[in-house]
Amino acid sequence: MRLDSVVIAGGGIAGLLAAAAVGPHTQHITIIEKDDLPAEPAPRPGVPQGRQVHALLGAGQDAMSELLPGIVEDFAAAGARMVDSPADLAVFGRFGWAGRVRSGTQTVMMRRPVLEHVVRSRVLALPNVIVYRSAATGLSMSDDRTRVIGLQLLDGTTAEGDLVIDATGRVSKSMDWLADFGYEAPAEKEMRSHIGYATVEVRLPDDAFDDGVAGVLAHPHPGNCRGAAVVPADNGIYLIAGLGMMNQDPPRDLDGFMAHLDAAPSPIVGEIARKAEFLTDIVTYRVRGSRRRMWEDLERRPEGYLLIGDAVMAFNPLYGQGMSVAACEAVALSRSVSTDSTVAGLAHRAQAAMKDVIDTVFAMAVSTDGAYEDAELIGVPRPSPEDVNAGALLSQVATDDPEVALAVKRYAHHFDRTDLRSPSIADKLAVWQADGRKVVHDNPLIIPGIIG
Ligand SMILES: Cc1cc2nc3c(=O)[nH]c(=O)nc-3n(C[C@H](O)[C@H](O)[C@H](O)COP(=O)(O)OP(=O)(O)OC[C@H]3O[C@@H](n4cnc5c(N)ncnc54)[C@H](O)[C@@H]3O)c2cc1C
C-alpha cells in the first residue's frame, strides 16, 4: 500500500518541515496544532522558547532549501539579516576570541516567530496540507495494536492517517501514548547542564559595533557560567541575551540582567546594551539540557508511527542546533519516502535514517557540556580528560589559524567533521602543542580583526 494520508501532531518547525518532506508523496496531510496559528509573525504559547535568540545554521538552511526551494530568499525578503558568522560575529570563549575568518557562507539571523511564519506560509500553501486546531491527546491503534492509525484529539474526534508523526517538541507525550498500548519506552540519554536565557529586542545606534562586526557573543564556559550575546535579527532589530549554564540563570529585572551581561567573559555586550533602546520586556526561559530518546532502537514498535524534532532529541540551545537538526531529520524522511513510499516499514526506515545527524550533534553536546564538572550525564559516558584536552587544543588553535577556524565552523554549522580530520589540521595541532604556543587574541575588551 502506497502512502495516501499523513497526520502530524504539532505545527512548529519540525511538523511543518515533516509536511514539506512528505508533501510530494501523499494525497492528504493534516497538521494537528493546539495553538491558534497567527496570520502574522507573532510569538505563541505552544513555542514558549520563541522569544529567545535563534539562529539558523548552514545545515538547516541547506536542508530547508532542499525541502522548500528558495526558502532562504524568502527569509531575506522577510527582513532576515545574513551574516558570514565566523567573520561577522565575534565570539569570545574560554580560550579567547574564536578566529574571525570569512567562510563564504551565510547564517540566517531573524526572530524565531518571523522565521516560523515564513516556513509556515510556504508549507500551508501546499495544496494537500490542512491545519486542524486541536490538541492530540493519544493514539488510535489497529485492533491488533501493531499499527498506529491516527491521533485522538481533545475535541473528541480522531484524525486518521497511514503515517502518524509526533512533532510536538520537548513536551511530547509519545512515551505515555505508546505505554497505553503496552509499548515500552525507548532508552534515554541526557546531559543536564541547566541552561537559562533572558532575551530582549532592541535597536542599536549605527556605531554600536567595531567596523565589520555584526554581533558579539561572550560564551559561557566552565570557568564562567554566565554569558551574553548581542546579535542581529530581522528588520533592523537586534536581540540582546543573557545566557547561563549550570543554574546561573540571567534574571528578567533590568539591574540583574545588566549585571549578568557585565559578568560575562567579555563585558562588550554589556557596554553595547547601555547604548541600546529596549523595545520589549526581558523574557526568560530555562532548559534542563540535551535529551535524546532512542526511538530508532526500540525492539518492539508499532508500524506507522514516527517522531521528529525536539520530540526525539532536544538540545542545549546555546549551540543553535535544534531547528537545523529538525530540518535534517525532515530531509531524511523525504529521502526515505521518495525511495519507497510503501507504508509498511516506512516509519522505521525514516526514524533510522535520522540517526546519523542526531548522533553527531548529540556527541557535540556531550563533549562541550561534559567539560562542566557539575553537568549530570545520564546514560552516556563523561568525555575523557584526553577528549576534553583535545577539544581545548582545537579551540586554541582556531583562535589564530584560518584553516582550523573554518574546519571548526564546518563541524559546528554543517555537522560535518571531514575537514577536522584532515592531516593538515592534525599537523597544525601537533605543531602548536610542540611549540608550546599560547593564545594571542585573549583580551576580552579588544575584538581582533579578520585572520587569513
Ligand atoms: C532558549 C532556546 C533557544 C534556542 N535557540 C535556537 C537556535 O538558535 N537555533 C536553533 O536551530 N534552535 C534553537 N532552539 C531550539 C528550537 O527552538 C527547537 O529545536 C525547535 O523549535 C524544535 O521544533 P519542534 O517543532 O520540534 O518543537 P516546537 O518548536 O516546540 O513545536 C512544537 C509544536 O507542537 C505543538 N504542540 C505541542 N503539543 C501538542 C499537542 N498535544 N497537540 C497538538 N499540537 C501540539 C506546539 O504548539 C508547537 O506548535 C532554541 C531553543 C530554546 C529553548
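Anything mentioned here points back to the structure above.
Residues numbered from 1 in each chain as written. Predicted model: local features only at pLDDT ≥ 70, side-chain atom pairs only at ≥ 80, totals over all residues. Heavy atoms only, no water.

Participant: So what about the packing of helix 1 (residues 13-22) against helix 9 (residues 322-339)? Which residues, and what values?
Facilitator: The description of two helices packed together rests on the angle between their axes and the distance between the axes. Following both chains from N to C, one finds helix 1 and helix 9 inclined at 25 degrees, their axes separated by 8 Å at the closest point. Taken together, the axes of helix 1 and helix 9 lie roughly parallel to each other. As helix 1 packs across helix 9, the resulting crossing turns out to be right-handed. Mapping the contact onto sequence places I13, A14, L17, A18, A21 and V22 in helix 1 and M323, A326, A327, A330, L333, S334 and V337 in helix 9. Looking at side-chain class alone, the contact of helix 1 with helix 9 contains 12 nonpolar, 1 polar and no charged residues. (Axes fitted to C-alpha atoms, helices over the stretch in contact; angles between N-to-C directions. Helix = DSSP H or I, 4+ residues; strand = E, 2+ residues; numbered from the N terminus. Parallel < 35°, antiparallel > 145°, perpendicular 65-115°, else oblique. Left-handed = near helix turned anticlockwise from the far one by under 90°. Contact = heavy atoms within 4.5 Å. Nonpolar A, V, L, I, M, F, W, Y, C, P; charged D, E, K, R; others polar.)

Participant: Residue-level account of the nonpolar core, with values.
Facilitator: Among the nonpolar cores identified, the biggest contains 117 residues, and F75 and V119 are the most heavily contacted of them. Of all the elements, helix 9 adds the most residues to this core, at 10 residues. Among the nonpolar cores identified, the runner-up in size contains 27 residues, and A198, V216, Y238 and I272 belong to it. (Core = buried A, V, L, I, M, F, W, Y, C linked by side-chain atoms within 4.5 Å. Buried < 20%, exposed > 50% of the residue type's maximum accessible area, 1.4 Å probe, protein only.)

Participant: Could you give an account of the site of the ligand, with specific residues and numbers?
Facilitator: Neighbouring the ligand are 36 residues, the closest being E33, A55, R112, D310 and M323. Within the backbone of A55, an N or O atom sits 2.7 Å from an oxygen atom of the ligand. Residue M323 places a main-chain N or O atom 2.7 Å away from an oxygen atom belonging to the ligand. In the complex, 95% of the free accessible area of the ligand, which totals 1,000 Å², lies under the protein chains. When contributions to the shell around the ligand are tallied by element, the ones reaching two or more residues are helix 1, strand 2 (28-33), strand 18 (283-293) and helix 9. Residue contributions to the shell around the ligand peak at 3 residues, all from helix 9. (Near = heavy atom within 4 Å. Polar contact = N/O pair within 3.5 Å; in protein donor to acceptor, adjacent residues only side chain to side chain. Areas by Shrake-Rupley, 256 points an atom, 1.4 Å probe, with all protein chains shown as cover.)

Participant: Account for the packing of aromatic side chains, naming residues and giving values.
Facilitator: Aromatic ring pairs are reported here in terms of the distance separating the ring centres and the angle at which the planes meet. For the coordinates displayed, the defined rule picks out 3 aromatic pairs. Centroid distance F209 to Y238: 5.7 Å. Interplanar angle 40 degrees. Geometry classified as tilted. Here F209 is found in the loop between strand 13 (188-203) and strand 14 (215-218), whereas its partner Y238 is found in strand 16 (residues 238-244), with 29 residues between them in sequence. Across this residue pair, the class does not change: F209 and Y238 are buried. (Phe/Tyr/Trp six-rings, centres within 6.5 Å; stacked < 30°, edge-to-face > 60°.)

Participant: Could you give an account of helix 7 (residues 254-262), with specific residues and numbers?
Facilitator: For helix 7, the full list of buried residues reads G256, F257, M258, H260 and L261. Against strand 13, strand 15 (226-232), strand 16, helix 8 (268-273) and strand 17 (277-278) lie the buried residues of helix 7.

Participant: Explain the sheet that holds strand 3 (residues 55-56) residue by residue, including any values.
Facilitator: Spatially, 3-7-4 is the arrangement adopted by the 3 strands of the open sheet, whose pairing is antiparallel. Edge positions in the sheet fall to strand 3 and strand 4 (81-83), since each has one partner strand and no second. Pairing of strand 3 with strand 7 (residues 107-109), which is carried by 2 bridges, proceeds in the antiparallel orientation. Residue A55 lies in a different strand from strand 7, and its bridge partner there is M109. (Pairing = 2+ DSSP bridges.)

Participant: Tell me about unusual backbone geometry, and please be specific about residues and values.
Facilitator: Although it is not a glycine, N247 adopts a positive phi angle of roughly 70 degrees. For N247, the location among the structural elements is in the loop between strand 16 and helix 7. Look at F415: it is not a glycine, yet its phi comes out positive at around 60 degrees. Looking at where F415 falls in the secondary structure, it is placed in the loop between helix 13 (402-414) and helix 14 (423-434).

Participant: So what's going on with the sheet that holds strand 9 (residues 136-141)? Residues and values would help.
Facilitator: Taken together, the 3 strands give an open sheet; going across it, the order is 9-10-11, and neighbouring strands pair in antiparallel fashion. For this open sheet the edge positions go to strand 9 and strand 11 (158-160), each flanked by a neighbour on one side alone. Pairs of neighbouring strands in the sheet enclose a mean axial angle of 30 degrees, with direction left out of account. In the sheet, strand 10 (residues 148-153) pairs with strand 11 via 3 bridges, with the strands oriented antiparallel. By the bridge assignment for strand 11, L151 is matched with A159.

Participant: Help me get a handle on helix 12 (residues 385-397), residues and values and all.
Facilitator: Along its 13 residues, helix 12 runs 18 Å from first to last C-alpha, staying within 8% of the 18 Å computed at 1.5 Å per residue. Listing the buried residues of helix 12 in full gives A392, L393, L394, Q396 and V397. Elements that come into contact with the buried residues of helix 12 comprise helix 13 and helix 14. (Expected span 1.5 Å × (residues − 1).)

The quantities given are spatial measurements derived from coordinates; they are silent on function.
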